[in-house]
Amino acid sequence: MAKKVSIKSAADIEMARKAGAMAAEVLHMIGEHVRPGVTTDELDRICNEYIVNVLKAIPANVGYHGFPKTICASVNHVICHGIPSAKVLKNGDILNIDVAVIKDGWFGDTSRMYYVGQPSQLARRLVNTTYEATRAGIMAVKPGATLGDIGYAIQTVAHREHFSIVREYCGHGIGQIYHDDPQVLHYGRPGEGMVLQPGMMFTIEPMINAGKPATKQLPDGWTVVSKDRSLSAQWEHMVVVTETGYEVLTPWPDGYGDYPSIP
């Protein structure tokens, strides 16, 4: 039986747009602090203070199902849900920071990759490919398209580079609920799955491994790593289906830099 997915009104979308912009602002702010020698705990502290004191928002992750920190900080072979710690970042690391905020009851949720110093060629290719795959998935969003179209667009890019898609974790509906329906898989077949309608709101956040797709959760109950310890990358945006296509609700305040823009 198909699950009912809520359709957001124009007023709803405006609220989500504000929350999404704040989450994106956090990722912009923290970028200059990502460098060799800093700990992920320090990055977490800076993000927490910015969300609370500058944005006057609520860090959504703190206490969420017992999660102890503000950001997820996933380094190298950590796929997702890395808990900030005294771990010191070193030259060549790649880092995903995933942040969510609550503003006036609405969630903003986004993640971004960072290079710590100079990454390897493989790391750069993985990060760029994962961005390209995320972008392809977003650009597949329009009324009448399906969730399978999104997944197929993402996996096509990843498989072209002989990388693998993590299948256990997916995008999700979002709004006044952090993780809602629908589940947005990052693999699929064209034309299959739920048909998209204007007002549907969800995240697209593929996790792509340089090696095999198998995952393993660490004893802390949160941190997920690639089983073969291969590098992993992820980007995440919130999107809403519009009458003609999509709107990214977590656009980067500084533009897309060296990455292709998402029109």
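Residues numbered from 1 in each chain as written. Predicted model: local features only at pLDDT ≥ 70, side-chain atom pairs only at ≥ 80, totals over all residues. Heavy atoms only, no water.

Regarding the overall build of the protein chain
For the protein chain, the helix and strand inventory stands at 4 helices and 15 strands. A globule of 263 residues ought to have a C-alpha radius of gyration of about 18 Å, and the protein chain, at 17 Å, matches this closely. Dimensions of the protein chain, computed from the C-alpha atoms along their principal axes, are close to 45 × 45 × 35 Å. Within the protein chain, buried positions represent 54% of all 263 residues. Partitioning the contacts of the protein chain with sequence separation of at least 6, the portion at a separation of at least 24 is 70%. Carbon and sulfur atoms make up 53% of the accessible area of the protein chain, which totals about 11400 Å². Taken as two groups, the 24 positive and 27 negative side-chain charges of the protein chain have centres that lie 5 Å from each other. (Helix = DSSP H or I, 4+ residues; strand = E, 2+ residues; numbered from the N terminus. Rg over C-alpha atoms; globule rule 2.2 N^0.38 Å. Buried < 20%, exposed > 50% of the residue type's maximum accessible area, 1.4 Å probe, protein only. Contact = heavy atoms within 4.5 Å. Areas by Shrake-Rupley, 256 points an atom, 1.4 Å probe, with all protein chains shown as cover. Lys, Arg positive; Asp, Glu negative; His and termini not counted. Charge placed at Lys NZ, Arg CZ, Asp CG, Glu CD.)

Details of the pattern of salt bridges
Inspection of every chain in the model, using the stated rule, returns 11 salt bridges. The partner of glutamate 49 in a salt bridge is arginine 45, with the nearest N and O atoms 3.0 Å apart. Of this pair, glutamate 49 and arginine 45 both sit in helix H2 (residues 40-54), 4 residues apart, which is roughly one turn of the helix. The partner of glutamate 161 in a salt bridge is arginine 125, with the nearest N and O atoms 2.9 Å apart. Of this pair, glutamate 161 sits in the loop between helix H4 (147-160) and strand S6 (164-165) while arginine 125 is found in helix H3 (residues 121-139), placing the two residues 36 residues apart along the sequence. One salt-bridge network, held together by shared partners, links Arg125, Glu132, Arg160 and Glu161. (Salt bridge = Lys/Arg side-chain N within 4 Å of Asp/Glu carboxyl O.)

Looking at the sheet that holds strand S13 (residues 232-234)
Pairing is antiparallel across the open sheet formed by 3 strands, whose spatial order is S6-S10-S13. Edge positions in the sheet fall to S6 and S13, since each of these pairs with one other strand and no more. As paired strands, strand S10 (residues 207-209) and S13 are joined by 3 bridges and run antiparallel to one another. Bridging across to S13, isoleucine 208 finds its partner in alanine 233. Packing against the sheet, H3 makes contact with S10 and S13, and its axis sits at approximately 35° to S13. (Pairing = 2+ DSSP bridges. Axes fitted to C-alpha atoms, helices over the stretch in contact; angles between N-to-C directions.)

Some words on the state of the cysteines
Applying the stated criterion across every chain yields a total of 0 disulfides. Left without a disulfide partner, cysteine 47 is nearest to the cysteine sulfur of cysteine 72, which lies 11 Å away. Of the cysteine sulfurs around cysteine 170, a residue in no disulfide, the closest is that of cysteine 80, at 11 Å. (Disulfide = S-S within 2.5 Å.)

Examining the nonpolar core
Leu126, Val141, Ile150, Leu196, Phe202 and Ile204 are the most contacted members of the largest nonpolar core, which has 38 residues in total. Looking at this core, the elements that each hand over two or more residues are H3, H4, strand S9 (201-204), strand S14 (237-241) and strand S15 (246-248). Apart from the residues within four sequence positions on either side, leucine 126 is in contact with Ile94, Phe163, Ile208, Asn209, Ala210, Leu231, Ser232 and Ala233. Counting 25 residues, the second largest nonpolar core, distinct from the first, contains Ala23, Leu43, Ile51 and Leu89. (Core = buried A, V, L, I, M, F, W, Y, C linked by side-chain atoms within 4.5 Å.)

Points about the UniProt feature "binding site: substrate" (unreviewed entry) in the protein chain
Feature annotation in UniProt places "binding site: substrate" (unreviewed entry) on His81 and His179, given in this structure's numbering. Spanning 99 residues, the annotated positions come together in the fold, the maximum distance between their C-alpha atoms being 14.5 Å. Among the secondary structure elements, histidine 81 is positioned in the loop between strand S3 (78-80) and strand S4 (94-103). On the basis of relative accessibility, which here comes to 26%, the residue histidine 81 falls in the partly exposed class. Histidine 81 has contacts with Phe67, Cys72, Ser74, Tyr169, Trp222, Thr223 and Val224, leaving out every residue within four places of it along the chain. When you line up the elements, histidine 179 lands in the loop between strand S7 (171-173) and strand S8 (180-184). (UniProt positions renumbered as here; feature names shortened; annotations may be inferred.)

Some words on the packing of H3 against H4
At a minimum axis separation of 7 Å, H3 and H4 run at an interaxial angle of 155°. By the angle between their axes, H3 is roughly antiparallel relative to H4. Where H3 crosses over H4, the handedness of that crossing is right-handed. Of the residues in H4, those touching H3 at Thr129, Glu132, Ala133, Ala136 and Gly137 are Ile150, Ala153, Ile154, Val157, Ala158 and Arg160. A breakdown of the residues in the contact of H3 with H4 according to their chemical character gives 7 nonpolar, 2 polar and 2 charged. (Parallel < 35°, antiparallel > 145°, perpendicular 65-115°, else oblique. Left-handed = near helix turned anticlockwise from the far one by under 90°. Nonpolar A, V, L, I, M, F, W, Y, C, P; charged D, E, K, R; others polar.)

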